[in-house]
Every structure is written in structure tokens, then in C-alpha cells.
Amino acid sequence: MISVGIDVSKGKSTVCILKPYGEIVSKPFNITHTQKDLSELSSMLFRLNDEVKIVMEATGIYHLPVLTYLQEKGFFVSVINPYLMKSYRNESLRKAKTDKIDSRIIANYGIDHWFKMKEFQTSGEIYEELKLLGQQYRHYMKLHLLSLAELTHLLDLTMPGIKNLLASWNETNRKDKRSDFVERFWHYDVITSMSEQEFTEEYILWAKEKKYVPSQEKAKVIYTLAQESIPTLPSETSSIKMLSLAQESIPTLPSETSSFKMLVTEAVRVLKEVDATLGLILSRMQEIAKTLPEYSVVREMGGVGNTLAPKLIAEIGDVRRFRNGKALVAFAGIDPPPYESGQFVGCNRKISKRGSASLRKVGYETMRSLKMHSRPEDPVYRYVVKKESEGKSKKSAKIAGLNKFLRIYYARVTELYKNI
């Protein structure tokens, strides 16, 4: 029994090799994540002529080069959850922390949990690619929300109230009516500089060009709002008029130099570029997900559409790595752990939230979609409605529905793979 503890950091790691009862095979030493150093480490481990298990702590992406190289060489590698390793470290009274001490603690963990450790297994290239795409989708979604908030702030200054009349991003048709409108009519002064008839004609032409419904009533409502509202930022025309009245010597600037127009149009441009990137990533996720056997099964489940299906598969990965449905529920962090002591049995328990936050988010979106589209024949929908009728809050009922949804997901997908 030889345990190799590797404390991974960016670009380098500290390695300690131990035998049972604290016998040191090799004192902690540093290696870099290069072919040369990793090759020397693997040669050293091959010369030990004993059962070797390598233990490392999950550190985002920093441990991946070491993990990949050592697994390709045929070594048993176990990647430990950082929370478990932190709990193991806290068993010591002294709180000293260095890379050398950490590597020795990790090696000791391997000795103490020798028979419980599981070898790290990848989910397969398709699932890994989906997972990476899902991570990037969430990143660009954050940028989308930030860009949308900035544009909304500018519109509150130049076109107050317009966001209540025009819809924003529509994930179904991948279009943003509000941004398209603001790109053409960036300030209320642009609208009021025309007569109502002229603006209505311009609005209808714009709607036809952008493939929206050319509604005259909508154009009249927008024109009335433009006349009644009070923008707190002036348009270029009004600002130049005020400057010209104050100082006649100041030359008139072209309208293209307006700072306010530049800020609004740039905010629209950034938002559209982020939305285009989101569309590309989602399309790629759909293409990859459709090649998996479980896609059609997941797509048929209640609340799951073309957008949520690849997101769910990306967050769950290969469902066969879970031993049962409860393990999948625990992975999502929505399992309420039991709490009992003596005669007391806790009944008002909360979800653990020790799991994938992104899976909980996608799952909650699925429950909202299911509830919105009302499918009474769906068992999960009926379960959510039942929980609401029992007095549960809508959020709690949806979480309970997600618990049932994941168990059904596990059962259906595993049954599919058994029959393949």
C-alpha cells in the first residue's frame, strides 16, 4: 500500500509518498506540469513495485494535466472533493498550512481511506464537451444580464417607460424587439421630431424590415408616450440648440458625435453580440445533445423543450455514473438530510445545497416551464400541484417536483441504456 498525495496548484504540484503507519517513501518535493517532470514521477512510481494509489484534491482545471497524464500511464488516480479534504484536515489540532504539509495530509487521506476510494472516471468526450459549452453559456448569460441592465439604465434616461411597451430577449425566436427598436429610434426626441403619421409609417416600415407585427396601435401608443415623457438626458439636437443660444460662436456638431447616442447604440451592439454568442453556443449544444441516445427521452419529459434539454444533459452528464436516483438528487443538492436525536425526529428540513448549483438552476427553470404549460397528464406536474394544495409555497413545491423529476429522469435514461 503506497499512497501518493499530490497537492496541486497552478503550473506546479507538491508530491509526498507514504506507506501505512506514516512510513515515508519520499519526502515532499515539487514538480512542474510538464512532460519531463511527470515522466520522471511516473518512472519513480513504476520502480516501487507495489500497489500505488494516487490521491489529489479537485482544483478546478489545474489538476487536469496531472490527472490525464497519470491515468494514461495506467495509475489508479482518485480525485477528492475539496469539502471532504477540508473536513479531514480539520481533524488536526494544529492549523499549519504549507504545500508540503498539504501533500502529506493528502497522502495520509489515501492510507486512511484506502479501500473506500474510487478511481476517477471521465464522463466521455461528448459529455465533457457539453459540460464545457454549458459553463460558457452560463458565463455569457451573466454578460447578457449585465449588458441588459446597462441598456435599461440608459433607456430610463433617454426613453423612460419604453421597456414596458416592447419585449426584450425572446429565447424562442432569438430576437430582441426592444434593442432593435432602440437601435433605430434611440431617443424620444427622434420620435417627436416627426408627426404622428410620419412616425407610424416609419414604425411599420421598421417592423416589416425586422419581421415584427406592423401594428399601427402600438406606434400610436409609443408616440403618445414619447410626447408625455420627460427624458433626463437630452438628444444631440436639443443640446446643440442650447449651446448655440448660449454661445453663437460654437460651431454645430454633426449628430453622429452625440455622446448619448454613442452610449445607447454601443450598449445595443454589445447586447446583440452577446446574444449572438449565446445563440451559437446553444445551437452547438443542441447538435451534440441530439447525438446522445437519451436526448429523445429527455425531450419528451414535461417542461423540457429544445433549450432546456441540452442544458439538463450537460449538467447531469452520464447518468450511469450514479448508483441510483437518490445519488442524482444528492448531486443536485436538493436532498433534505434526515435529522434525528433520541425521541426527536426533525420534520421541517431544508435542502442541503451541497451539490451542483447550476443543475438546481436549470432544474428550477424546468419546473417553471412545466407549471407554465400545464400538463395535467404529467406525474411531476400533478405532484407540484398536490404540494401547493397542501400549503407548500410555490418555490418549495417546485423543488419537491424537481426531486421527483430527477428520479424519473434517472429511471428512464438508465432503462434506455439497459435496452441498448
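The name an unreviewed UniProt entry assigns to the chain is IS110 family transposase, from the organism Dorea longicatena.

### Regarding the pairing of strand 4 (residues 52-57)
Across the six residues of strand 4, six count as buried, placing the element largely inside the fold. Here strand 4 shows two buried faces, one formed by Val52, Ile54 and Met56 and the other by Lys53, Val55 and Glu57. By the bridge criterion, five bridges tie strand 4 to strand 5 (residues 76-80) in an arrangement that is parallel. When the sheet's bridge partners are listed, Ile54 is paired in strand 5 with Val77. Of the crossover connections in this fold, the one passing from strand 4 over helix 2 (residues 64-72) to the parallel strand 5 is right-handed.

### Describing the sheet that holds strand 2 (residues 12-18)
The strand order 3-2-1-4-5 describes an open sheet built from five strands, whose pairing is mixed. In the strand order of this sheet, the two ends are held by strand 3 (24-32) and strand 5, each with one partner. Pairwise comparison of adjacent strand axes, ignoring direction, gives a mean angle of 20° for this sheet. Two strands pair when backbone bridges link them, and strand 1 (residues 2-8) and strand 4 are joined in this way by five bridges, in the parallel orientation.

### Focus on the packing of aromatic side chains
Counted according to the given criterion, the structure contains eleven aromatic pairs. Pairing Phe46 with Phe75 gives two aromatic rings, centres 4.7 Å apart and planes at 35°, and the pair type is tilted. In this pair, Phe46 is assigned in helix 1 (residues 35-46) and Phe75 in the loop between helix 2 and strand 5, connecting sequence segments 29 residues apart. Note on Phe181 and Phe185: the rings are 5.0 Å apart at their centroids and 35° apart in plane angle, and the pair reads as tilted. Taken individually, Phe181 and Phe185 each receive the classification buried, so the pair is uniform in this respect. Chaining the aromatic ring pairs together yields one cluster made of Phe181, Phe185, Phe199, Tyr203, Trp206, Tyr212 and Tyr223. Lying across the ring of Tyr212, Lys175 places its NZ or CZ 4.3 Å from the centre. The aromatic ring of Tyr417 is capped on one face by Arg320, whose charged end is 3.9 Å from the ring centroid.

### Regarding unusual backbone geometry
The general pattern is negative phi for most residues beyond glycine and trans for most peptide bonds. In this structure, Asn49 is a non-glycine residue whose phi angle is positive, near 55°. By the element assignment, Asn49 lies in the loop between helix 1 and strand 4. Positive phi is not limited to glycine here, since Lys353 has a value of about 60°. Mapping Lys353 onto the fold places it in the loop between strand 9 (344-345) and helix 15 (357-373). A relative accessible area of 56% means that Lys353 is categorised as exposed.

### Description of helix 6 (residues 177-184)
By the criterion of burial, helix 6 is predominantly enclosed, with six of the eight residues buried. If you check which residues of helix 6 are buried, you get Lys177, Arg178, Ser179, Asp180, Phe181 and Val182. Lining the buried residues of helix 6 we find helix 5 (125-158), strand 7 (175-176), helix 7 (188-192), helix 8 (196-210), helix 9 (216-228) and helix 11 (259-289). Measuring from the side-chain oxygen of the N-cap residue of helix 6 to the backbone nitrogen of Arg178 gives 3.3 Å; that N-cap residue is Asp176.

### Section: the UniProt feature "domain: Transposase IS110-like N-terminal" (unreviewed entry) in the chain
If you check UniProt for "domain: Transposase IS110-like N-terminal" (unreviewed entry), the listed places come out as residues 4-160 in our numbering. Helix makes up 49% of residues 4-160 and strand 20%, whereas the separation of the span's terminal C-alpha atoms amounts to 63 Å.

### Quick word on a nonpolar patch on the surface
A surface patch of nonpolar side chains, about 290 Å² in accessible area, is lined by Ile61, Tyr62 and Leu64. Structurally, the position occupied by Ile61 is in the loop between strand 4 and helix 2.

What counts as what
Here the residue index of a chain counts from 1 through its sequence in written order. Confidence filtering applies because this is a predicted model: local features only for residues at pLDDT of at least 70, side-chain atom pairs given and counted only at 80 or more, and all residues used for totals across whole chains, interfaces and linings. The basis for the side-chain values is all heavy atoms of the structure; hydrogens and waters are excluded. For every residue, the accessible area (1.4 Å probe, protein chains only) is compared with the maximum for its type, and the residue is labelled buried under 20%, exposed over 50%, or partly exposed between those bounds. To qualify as a helix, a DSSP run of H or I must reach at least 4 residues; to qualify as a strand, a run of E must reach at least 2; elements of each kind are numbered from the N terminus. A pair of strands counts as paired when DSSP detects no fewer than two bridges linking them. Orient the strands so they point away from the viewer, and a crossover whose first-strand-to-second-strand path over the helix runs clockwise is right-handed. Inter-axis angles, ranging from 0 to 180 degrees, are taken between N-to-C directions of lines fitted to C-alpha atoms, where helices are fitted over the stretch in contact. Between rings of Phe, Tyr and Trp, where Trp is taken as its six-membered ring, a pair exists when centres lie within 6.5 Å; planes separated by under 30 degrees are stacked, by over 60 edge-to-face, and by other angles tilted. The criterion for a charge sitting over a ring is simple: Lys NZ or Arg CZ within 6 Å of the ring centre, and within 35 degrees of the ring normal. Should any heavy atoms of two residues lie within 4.5 Å, those residues are counted as being in contact. Pairs of N or O atoms within 3.5 Å make up the polar contacts considered here, provided that, within protein, one atom can donate a hydrogen while the other can accept it, and that residues adjacent in sequence are counted only when both atoms are side-chain atoms. UniProt positions are given in the numbering used here, feature names are shortened, and annotations may be inferred rather than shown by experiment. Only residues whose relative accessible area exceeds 30% and that form no salt bridge are eligible for patches; like-charged ones are grouped when within 9 Å, while nonpolar side chains (Val, Leu, Ile, Met, Phe, Trp, Tyr) are grouped when within 5 Å. Here the open area of atoms and residues is found with the Shrake-Rupley method and a 1.4 Å probe, where only the protein chains shown may cover a residue. Salt bridge criterion: a side-chain nitrogen from Lys or Arg within 4 Å of a carboxyl oxygen from Asp or Glu.

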